[in-house]
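Chain by chain, the residues:
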Amino acid sequence: MIRPFGLRDVTKLKQLQPRGVSFDLRRALLYAPSPIHSALLGYFTRYYAGPVTWVHQNTEDDLAGVVQAWPRAKRSGWDLGFLAPALGYHHRVPTIWQELLKHLIILGASQGVSKIYARSPDDPEIREVLRQVGFVAVAREEIFFLLCPPEPAAQPRGLRPVTREDYWALAELYQSVLPPLVQRAEGFPPSRPGTLGRLLGLGKGREYVWMEGKKAIAHFRLSGGRRGYWLEVVVRPEYRAEVLPHLKYILTLSECSASKPLYCPVPDYNVGLGWLLRTLGFQPYTKQALFVVNTMARVPARQSLIIPGFERGIDARSSVGHIPSSFQTEDHRLTA
């Protein structure tokens, strides 16, 4: 049986919390949300400022499971946040995960959520379970981290804060750099954190663009939480070797330290950026993969169109041509 989280499930979730798997390193590293506190926040705010949480309870024994998903800004999608217990805890856990994830997909479709994202740890068993329920691997990335405070650096020419007038230049940059599969999954502009992210400071940050004339060369997004910073970099491959001064300046906008590291993901299609980060003192942290599942799909639906007066046909002898009594038209509808 799968049911929405309620106050009666608090004790069960406390037991499952240390046995679970966290997804989406950005949220985990910058804020480290407790699954139980997150569930209560979602419950009392009706999921406005917290995740949707569902509990799996087997009627035959005490083996239980839980899944959490965080809404993105404007409800454009959900991010998988937590699954418990871990796969190695019991031989039936993979089945529990599959049932919870399938339920989450159906629930998302019923609420108009078209995509669910899962930034998975670098674990082949986890990736296999995601694939079995329809998730598709979109990209892989390595996370780097910096502990030492950045040295002062001058602002390079052409680097400035992003304005609304830069929208089309940035859209062209993303279309040129991101693989088509990533573009279809993430869209543009990239989704921002949901309401809770803004409340916690995850949505606040600085965005800079490196422009040459009307052409965007690179885009930098620096956001911070109480536990660290997160830097995203998109740069044209032919300019990658020249982006080092711009990176140095962006780092000065943070106050990273051993207690508040700065993290930077490097997708597999931007692998050359990792070498530049190493020259700035970054170290490898871990790897993760981005998966996405579409909760809805477009399918053709045929519908008969009856023209008044022609329900019984027409007299072909008085017509130039034959007009059928009904016409077939195609309509595209979203189905879960």
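Everything discussed here concerns the structure shown above.
Notes on the structure follow. For clarity, every value in this text was computed on a predicted model and none was experimentally measured.

Turning our eyes to something else, we now look at the nonpolar core. Nonpolar side chains in soluble globular proteins tend to end up buried together. Counting residues in each nonpolar core, the largest one holds 30 residues, and the members touching the most others are L80, W97 and F135. If you list the elements that add at least two residues to this core, you get β3 (52-57), β4 (64-71), β5 (78-84), α4 (93-110), β6 (115-121), α5 (124-132) and β13 (283-294). Tallying contributions element by element places α4 first for this core, with eight residues. Those residues in contact with W97 that lie beyond four places of it in its chain are V21, F23, L83, A84, P85, A86, L87, I126 and V129. Counting 29 residues, the second largest nonpolar core, distinct from the first, contains F144, Y229, Y239 and L277.

Right, let's get into the pattern of salt bridges. Evaluation of the coordinates by the stated rule reveals nine salt bridges. Among the ionic pairs, R160 bridges to D166, the shortest N-O distance being 2.7 Å. A relative accessible area of 30% means that R160 is categorised as partly exposed. Beyond isolated ion pairs, a larger network of salt bridges with shared partners links R72, D79, R119 and E186.

With that settled, the discussion passes to the side chain of R72. Inspection of the secondary structure puts R72 in the loop between β4 and β5. With a relative accessible area of 8%, R72 lands in the buried category. There is a polar contact of 2.8 Å between the side chain of R72 and the side chain of D79. Only 3.3 Å separates the side chain of R72 from the side chain of E186, close enough to count as a polar contact.

Here the focus is the environment of A139. Here A139 lies in strand β7 (residues 136-146). Overall, the relative accessible area of 12% leaves A139 in the buried class. It is 5.3 Å that separates the C-alpha atoms of A139 and L290, two residues lying 151 residues apart in sequence. When residues no more than four places from it in sequence are discounted, the contact partners of A139 are V182, D268, Y269, A289 and L290.

Rules used throughout
Per chain, residue numbering runs from 1 following the sequence as it is written. This being a predicted model, a pLDDT of at least 70 is required before a residue's local features are given, and a value of 80 or more before pairs of side-chain atoms are given or counted; all residues contribute to the totals for chains, interfaces and linings. Side-chain calculation: all heavy atoms of the structure are included, whereas hydrogens and water are not. Definition used in this section: a nonpolar core is a set of buried Ala, Val, Leu, Ile, Met, Phe, Trp, Tyr and Cys residues joined via side-chain atoms within 4.5 Å. Three exposure classes are used, based on accessible area relative to the maximum for each residue type with a 1.4 Å probe and protein chains only: buried under 20%, partly exposed in between, and exposed over 50%. By the criteria applied, helices consist of DSSP H or I runs no shorter than four residues and strands consist of E runs no shorter than two, each listed in order from the N terminus. The contact criterion used throughout is that any non-hydrogen atoms of two residues lie within 4.5 Å. For salt bridges, the criterion is a side-chain nitrogen of Lys or Arg within 4 Å of an Asp or Glu carboxyl oxygen. As used in this structure description, the phrase polar contact means that two N or O atoms lie within 3.5 Å; if the pair is within protein, one of them must be able to donate a hydrogen and the other to accept it, and residues adjacent in sequence are counted only when both atoms belong to side chains.

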